[in-house]
Amino acid sequence: MAKVTPDPIMEIAMGFMAAKHLFVASEIGLFTGLAQGPATLDELAATCGIPRRTAGISADAMVSVGLLERDGEHYRNSEAAAAFLAGRSGLDLRPMLRFWNRISYPGWLTLEEAVRAGAGRAKFGQFSPEEQQIFSAGVEAFSATTAAALAANYDFSQHRRLLDIGGGTGSFLIAVLRRHAAMHGTLFELPGACEVARRRLAGEPEGARIDVVEGDLVSDPLPPGHDVLLLANTVHVLSAAHNVDLLRKLRGHAAQGTHLLLVDLWMDSDHTQPLAAPLMSGEFLIISGEGQAYGEDDAEAWLRETGWHKAERRPLVGPHSVIIAQAI
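Owing to the predicted nature of the structure, the values given are computational and were not obtained by experimental measurement.

Things to note about the overall build of the protein chain
Part 1 of the argument: The helix and strand tally for the protein chain stands at 13 helices and ten strands.
Part 2 of the argument: Taken over C-alpha atoms, the radius of gyration comes to 21 Å for the protein chain, in line with the 20 Å a tight globule of 328 residues would show.
Part 3 of the argument: Seen through its principal axes, the protein chain has C-alpha atoms that stretch 65 × 55 × 40 Å.
Part 4 of the argument: The buried share of the protein chain, taken over its 328 residues, is 47%.
Part 5 of the argument: If you take every contact in the protein chain between residues at least 6 apart in sequence, the share linking residues at least 24 apart comes to 69%.
Part 6 of the argument: Working note: accessible area of the protein chain is about 15900 Å², and carbon and sulfur atoms make up 56% of it.
Part 7 of the argument: Distance from the positive charge centre (28 side chains) to the negative charge centre (39 side chains) of the protein chain: 2 Å.

Below, the structure is given as structure tokens:
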């Protein structure tokens, strides 16, 4: 029998150190400083504007987790860091890391309190303009590949107008409308998020076909005239009871035959996979005060109760999948 060791416990317990090192390395520009090629520690320290000693601490930590490589006196980005953290064109994960560093990480200090109390302290509607920009940009970066996968894997050509409820910066709408020139979209979001979205959409050709409507998805009426509704990364910020209320509200709003797309980190029947979902339940709890990740079985029950017919579930990318339903 293999000897039992505390190694698995220690690896998990030290995970916060690796995460924080990554956030800081991104914030000080360590990866962008290596975008043009290998550099010595002296060169990195000068580029980042920090002392040589602490540049070494940060760089060596990133070597240890595989995001930097070291050859003698020179450091260079790993393939993953070069692709997603160095400021190249394509998917840029730096906004996601900034969101987790500036907003999520401090919030996780309240996780024990939230677990003991059964609820966290909601942050929506409480962000400063700077925090709202960081939050919105971070969520867009986190869900960028999911938005692209939904646009590619669902047939939006059968629809005319898409309503994205709680749609952040409008990035899902941009991805869909980019593929379907005849479609129009509406973004329905809280006022602070709408301010960020308007700036974001102004820089995109598809923005001219997107209406931005301010409102609260729980208390305000929804914009009419849409034949497909999207809830992407929205279910997980609400309690089960509020999700039932929202789905009932959407069914009352929708004409028969309207399609509903529920994009989220839907878990299996054991509520343990995909791994990101149960871990991020803590994130959803502390950000929204009441949220968590849910299982496909939860969604099926809610849809039956509120007058929707579940057609299928499709995997998208990473831990995300989409549940497709229709108003009956």
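Considerations on the sheet that holds strand 10 (residues 321-327)
Part 1 of the argument: If you trace the seven strands from one edge of the open sheet to the other, you get 6-5-4-7-8-10-9, paired in mixed fashion. Lying at the two open borders of the sheet, with one neighbouring strand each, are strand 6 (210-214) and strand 9 (308-315). Sheet twist, expressed as the average angle between the axes of neighbouring strands with direction ignored, equals 20°.
Part 2 of the argument: Inspection of the sheet shows strand 5 (residues 184-189) paired to strand 6 by five bridges, in the parallel sense. When the sheet's bridge partners are listed, Glu189 is paired in strand 6 with Glu214.
Part 3 of the argument: Each of strand 4 (161-165), strand 5, strand 6 and strand 7 (228-232) touches helix 9 (residues 171-179); the most contacted strand, strand 5, lies at about 175° to it.
Part 4 of the argument: Set on the sheet, helix 10 (residues 191-202) makes contact with strand 5 and strand 6; between it and strand 6 the angle comes to about 160°.

Notes on the pairing of strand 3 (residues 74-77)
Part 1 of the argument: Here strand 3 shows a buried face lined by Tyr75 and Asn77 and an unburied face lined by His74 and Arg76.
Part 2 of the argument: As judged from the two bridges shared by strand 1 (residues 39-40) and strand 3, these two strands associate in the antiparallel manner. In the strand pairing of strand 3, Thr40 is matched with His74.

Comments concerning the sheet that holds strand 3
Part 1 of the argument: Here three strands make up an open sheet; going across it, the order is 1-3-2 and the pairing antiparallel. Both edges of this open sheet fall to strand 1 and strand 2 (68-71), since each of them pairs with a single strand only.
Part 2 of the argument: This element, helix 4 (residues 52-64), spans strand 2 and strand 3 of the sheet and lies at about 105° to strand 2.

A word on a nonpolar patch on the surface
Part 1 of the argument: A cluster of nonpolar side chains, Met10, Met14, Phe16 and Met17, forms an exposed patch at the surface whose accessible area comes to about 390 Å².
Part 2 of the argument: Here Met14 is to be found in the loop between helix 1 (7-13) and helix 2 (15-27).

Quick look at the pattern of salt bridges
Part 1 of the argument: A full pass over the atoms with the stated rule returns 21 salt bridges.
Part 2 of the argument: The partner of Arg248 in a salt bridge is Glu305, and the shortest N-O contact between them spans 3.4 Å. A residue pair is termed long-range when its members are at least 10 positions apart, and Arg248 in helix 11 (residues 240-253) and Glu305 in helix 13 (residues 296-306) qualify at 57 residues.
Part 3 of the argument: Note that Arg313 and Glu296 form a salt bridge whose closest N and O atoms lie 2.8 Å from each other. Here Glu296 lies in helix 13 and Arg313 lies in strand 9, a separation of 17 residues in the sequence.
Part 4 of the argument: Through salt bridges that share partners, Glu140, Arg178, Arg200, Glu204 and Glu206 make up one connected network.

Points about the packing of helix 6 (residues 94-108) against helix 8 (residues 129-153)
Part 1 of the argument: Interhelical geometry of helix 6 versus helix 8 gives an angle of 135° and a closest axis separation of 7 Å. The pairing of helix 6 with helix 8 is recorded here as oblique in orientation. Regarding helix 6 and helix 8, the two cross each other, and that crossing is left-handed. Facing helix 6, whose interface residues are Pro95, Met96, Arg98, Phe99, Trp100, Arg102 and Ile103, helix 8 presents Glu130, Glu131, Ile134, Phe135, Ala137, Gly138, Val139, Ala141 and Phe142.
Part 2 of the argument: Of the residues that constitute the contact of helix 6 with helix 8, the class distribution is eleven nonpolar, one polar and four charged.

Section: the packing of aromatic side chains
Part 1 of the argument: Under the definition given, this model contains eight aromatic pairs.
Part 2 of the argument: Judged by centre distance (6.5 Å) and plane angle (85°), the rings of Phe124 and Phe127 are edge-to-face.
Part 3 of the argument: Judged by its relative accessible area of 30%, Phe124 is partly exposed.
Part 4 of the argument: Classification of Phe127 as buried rests on a relative accessible area of 15%.

Observations regarding helix 11
Part 1 of the argument: Here helix 11 spans 20 Å end to end across 14 residues, near enough to the 20 Å set by a 1.5 Å rise per residue.
Part 2 of the argument: Turning to helix 11, its buried residues are Asn243, Val244, Leu246, Leu247, Leu250 and Arg251. All buried residues of helix 11 lie within an arc of 165° about the axis, which places them on one face of the element.
Part 3 of the argument: Residues of helix 11 that are buried sit in contact with strand 4, strand 7, strand 8 (259-264), helix 13, strand 9 and strand 10.

Analysis parameters
- Residues numbered from 1 in each chain as written.
- Predicted model: local features only at pLDDT ≥ 70, side-chain atom pairs only at ≥ 80, totals over all residues.
- Heavy atoms only, no water.
- Helix = DSSP H or I, 4+ residues; strand = E, 2+ residues; numbered from the N terminus.
- Rg over C-alpha atoms; globule rule 2.2 N^0.38 Å.
- Buried < 20%, exposed > 50% of the residue type's maximum accessible area, 1.4 Å probe, protein only.
- Contact = heavy atoms within 4.5 Å.
- Areas by Shrake-Rupley, 256 points an atom, 1.4 Å probe, with all protein chains shown as cover.
- Lys, Arg positive; Asp, Glu negative; His and termini not counted.
- Charge placed at Lys NZ, Arg CZ, Asp CG, Glu CD.
- Pairing = 2+ DSSP bridges.
- Axes fitted to C-alpha atoms, helices over the stretch in contact; angles between N-to-C directions.
- Patch = residues over 30% accessible without salt bridge, like charges linked within 9 Å, V, L, I, M, F, W, Y side chains within 5 Å.
- Salt bridge = Lys/Arg side-chain N within 4 Å of Asp/Glu carboxyl O.
- Parallel < 35°, antiparallel > 145°, perpendicular 65-115°, else oblique.
- Left-handed = near helix turned anticlockwise from the far one by under 90°.
- Nonpolar A, V, L, I, M, F, W, Y, C, P; charged D, E, K, R; others polar.
- Phe/Tyr/Trp six-rings, centres within 6.5 Å; stacked < 30°, edge-to-face > 60°.
- Expected span 1.5 Å × (residues − 1).
- Arc of directions from axis to C-beta.

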